[in-house]
Amino acid sequence: MNDQREFWNERFGREGYFYGTTPNRYLASHIDALSPNQTILFLGEGEGRNAVYAATCGHTVTALDAAEIGLAKTALLAQNRGFEISLIHTDLEFWTPSQKYDAIMCSFLHLVEPLRSEVFAKAIEHLNTGGVFVGEFFSIHQLPKNTGGPKDTDLLYTAHELSSILKPLPCDILHLAETDTELREGTGHIGLASVVQMKVQKQ
Ligand SMILES: C[S@@+](CC[C@H](N)C(=O)[O-])C[C@H]1O[C@@H](n2cnc3c(N)ncnc32)[C@H](O)[C@@H]1O
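Note that the structure is a prediction, hence the values are computed from the model and not measured.

(A) Structural view of the overall build of the protein. Check the secondary structure of the protein and you find 6 helices and 7 strands. When the helices and strands of the protein are read in sequence order from the N terminus, they spell out α-α-β-α-β-α-β-β-α-β-α-β-β. The C-alpha atoms of the protein give 16 Å as radius of gyration, which agrees with the globular expectation for 203 residues (17 Å, within 12%). Considered along the principal axes of its C-alpha atoms, the protein spans approximately 40 × 40 × 30 Å. Put simply, the protein has 203 residues, and 42% of those count as buried. Residue pairs in contact within the protein that sit at least 24 positions apart in sequence constitute 68% of those at least 6 positions apart.

Here's what the structure looks like:
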């Protein structure tokens, strides 16, 4: 993962916010639907656009990432808006959660197996009863598109595969679908993209 960390640190070390400072639309719609004053953890949160949005909505927010330059920009964005966010600097491979959350969210978290299954299981385990795990990921149909995302099928998702990961876990699948969506996210994601959208609830 050191390569990934270097890759993302180099990207986030450039001027500006690569995916912009407005939240991902799918995640924002689920943040807007939460009850007030929830605890939310964002996995692979990069430069913090979703986490800062959730903080401005009054939630208690933690952002986790392997790239410390992304986390520093998250802290700066939050500070500039008058909010504070807790930061966890770790590779998800070594993630040892110390609390449970009301919601765990991620956008475009590119994980290979078996780490993907391990992280999903750990996320469900560390949700409070009734808590939600929400994510948007690039699907395998994104491969030929030049609107963002990795050019490596091992890092792309299908709804079918996510369903096999989730079914044995103590959660209900509320939404799991492949769809095309128009992304306008900084300079990193622009145009029509193929994604998998997921919302599950802890039993
Ligand atoms: C495509 S970026 C998305 C950033 C952010 N979620 C967003 O949508 O703006 C992927 C992020 O996941 C992080 N990441 C990837 N693999 C990770 C891992 N194993 N542990 C922790 N962070 C990871 C990267 O450092 C990067 O910040």
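Next comes the rest of the description.
(B) Geometry of the environment of Gly 58. As for its position among the elements, Gly 58 is in the loop between α3 (49-56) and β2 (60-65). Looking at Gly 58, the number of C-beta atoms within 10 Å reads 12, which means it is exposed. Residues Gly 58 and Phe 83, 25 residues apart in the sequence, show an inter-C-alpha distance of 9.2 Å. Setting aside anything within four residues of it in sequence, one finds Gly 58 in contact with Pro 36 and Asn 37.

(C) Just helix α4 (residues 68-80), in detail. Along its 13 residues, α4 runs 18 Å from first to last C-alpha, staying within 8% of the 18 Å computed at 1.5 Å per residue. All of the buried residues in α4 are Gly 70, Leu 71, Lys 73, Thr 74, Leu 77 and Ala 78. An end-on view of α4 places all buried positions within 160° of arc, on one side of the element. Seen from the open side of α4, the exposed residues pointing more than 90 degrees away from its buried face are Gln 79 and Asn 80. Gly 82 occupies a position one or two residues after α4 and carries a positive phi of about 85°.

Calculation criteria
- Residues numbered from 1 in each chain as written.
- Predicted model: local features only at pLDDT ≥ 70, side-chain atom pairs only at ≥ 80, totals over all residues.
- Helix = DSSP H or I, 4+ residues; strand = E, 2+ residues; numbered from the N terminus.
- Rg over C-alpha atoms; globule rule 2.2 N^0.38 Å.
- Buried ≥ 20, exposed ≤ 12 C-beta atoms within 10 Å, placed from the backbone.
- Contact = placed C-beta atoms within 7 Å.
- Expected span 1.5 Å × (residues − 1).
- Arc of directions from axis to C-beta.

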